[in-house]
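What follows is the residue order along each chain.
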Amino acid sequence: MSLHRRDILLAMGVTLVGACSKVADSGGSTVFDTAEDLHRKAQRLFQSRTALVKEYSPEDISPFFRGNGTTRPAEASYALSAANGFADWRLTVGGLVDNPLAFSIENIRRLPQRTQITRHDCVEGWSAIGQWTGPQLSLVLDAAGLQDSARFIVFRCADELNGNAYYESIDLLDAYHPQTIIAHQLNGEPLPIRNGAPLRMRIERQLGYKHAKYLTGIEAVASLDGIGGGEGGYWEDRGYQWYAGI
Ligand SMILES: Nc1nc2c(c(=O)[nH]1)N[C@H]1C(S)=C(S)[C@@H](COP(=O)(O)O)O[C@H]1N2
Ligand SMILES: [Mo]
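This write-up is about the structure you can find in this document.

About the criteria used
- Throughout this description, residue numbers start from 1 for each chain and increase along the sequence as written.
- In the order they appear in the text, chains get letters beginning with A and ligands get numbers beginning with 1.
- At least 70 in pLDDT is required for a residue's local features to be given in this predicted model, at least 80 for side-chain atom pairs to be given and counted, and no such filter applies to totals for whole chains, interfaces and linings, which use all residues.
- Values shown for side chains rest on all heavy atoms present in the structure; no hydrogens or waters enter the calculation.
- One heavy atom within 4 Å of a molecule or strand is enough for the residue carrying it to be called near that molecule or strand.
- Under the rule applied, a polar contact is a pair of N or O atoms within 3.5 Å (in protein, one hydrogen donor and one hydrogen acceptor; residues adjacent in sequence only if both atoms are side-chain atoms).
- Put simply, DSSP marks the helices as runs of H or I at least four residues long and the strands as runs of E at least two long, and each gets a number from the N terminus on.
- Basically, the charged four are Asp, Glu, Lys and Arg, the nonpolar ten are Ala, Val, Leu, Ile, Met, Phe, Trp, Tyr, Cys and Pro, and anything else, Gly included, counts as polar.
- In this analysis, strands are considered paired if DSSP registers two or more bridges between them.
- Interaxial angle, 0 to 180 degrees, is taken between N-to-C directions of lines fitted to C-alpha atoms, where a helix line uses only the stretch in contact.
- Here a residue-residue contact requires only that any non-hydrogen atoms of the pair lie within 4.5 Å.

1. Digging into the site of ligand 1
Inspection of the region around ligand 1 gives 22 residues, with Arg 66, Asn 68, Asp 159, Asn 195 and Lys 213 positioned closest. Within the side chain of Arg 200, an N or O atom sits 3.0 Å from an oxygen atom of ligand 1. For the shell around ligand 1, the secondary-structure elements that each account for two or more residues are strand S3 (114-122) and strand S5 (152-161). Ranked by the residues each element gives to the shell around ligand 1, the list is headed by S5, at three residues. Across the shell around ligand 1, the residue classes break down as nine nonpolar, eight polar and five charged.

Here it is as C-alpha cells:
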C-alpha cells in the first residue's frame, strides 16, 4: 500500500513544525539554518519515522508472550462474544471517512495479510518477541476513504481501566507505516484473550501502550481535543508521552 501524497505532505507538515520548534528551542545559530538545511533535517526525520523496525526469525520468538494492562475485559458483553468465538464482533471504521465500514473477524481474515516477528517493549521494563498477522491499517483506511481534514487515527477498545475506556491515537505517518497492522493472530494462532482477542493494533515504531487491544473502532479525526482526556490516549491522559517512539 502506498501513502497518499496528500497524507505524506500533511504528515511532513506536522514533522516540520516539530523540527522548527526544536531548532528554535535549542537556540544558537541553528535558528538561522538555510531552507536547504531545514529540508535535509525534515527529510531525515521523515526517513526515521518511515523506516521499518527490525524483524526477527522464528527461533527468536518468546516462549510466552505475557499479557499486560487489561488481560480479560470485565464487561459481560465481552465474555458473551468470546464464548461465541467472537462471531458477532464488529470493527467499525468511521469519523472523517467517505465510506464508514464494519468488519467481522472473518472479513478481516479475508483481506491481504502481513506477518511480522517484532519485539514489543513496555515502559514497565519488559520486552517480548512475537509473530503477528493481520491486514495493514492502510488497506482499511484506503477502503474507507480518508477525508482531507483527517489528521489522526483513534483506536477504540472494549475494556475500561478504573472506569475509563482504554483508547489510543496515532498520526497518519504511523497509520500508513507498512508494519502498522490490525493483528488477529499471535504466533500463528488466534490472539489469546490476554493479548487482545479478537483484534489488536501493532504500532511497531512505538512503545507497548500505543498498541490498542480489544479493538472495536477506528476513527479518523481532525483533532484529539474532546476525546477521552484530550491527550490522545488512556496513558497519555495520565502523563505518558503521546509520541512514544522506539
Ligand atoms: N485495550 C487495551 N490495550 C492495551 C492495554 C490495555 O490495558 N487495554 N495495555 C497496553 C500496554 S501498557 C501494553 S505493554 C500492551 C500489552 O500487550 P500484551 O497484553 O499483548 O502484552 O498492550 C497495550 N494495549
Ligand atoms: Mo505497557
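Back to the text.
2. Examining the sheet that holds strand S2 (residues 101-103)
The sheet built from five strands is open, its strands ordered S2-S1-S11-S5-S6 with mixed pairing. Looking at the sheet topology across the chains shown, the edges are occupied by S2 and strand S6 (164-171). The sheet shows a mean angle of 20 degrees between the axes of neighbouring strands, direction not considered. As judged from the six bridges shared by S5 and strand S11 (residues 215-221), these two strands associate in the antiparallel manner. Bridging from a neighbouring strand, Phe 152 pairs with Val 221 of S11. The sheet strands contacting helix H5 (residues 137-144) are strand S1 (91-95), S2, S5, S6 and S11, and the helix crosses S2 at an angle near 140 degrees.

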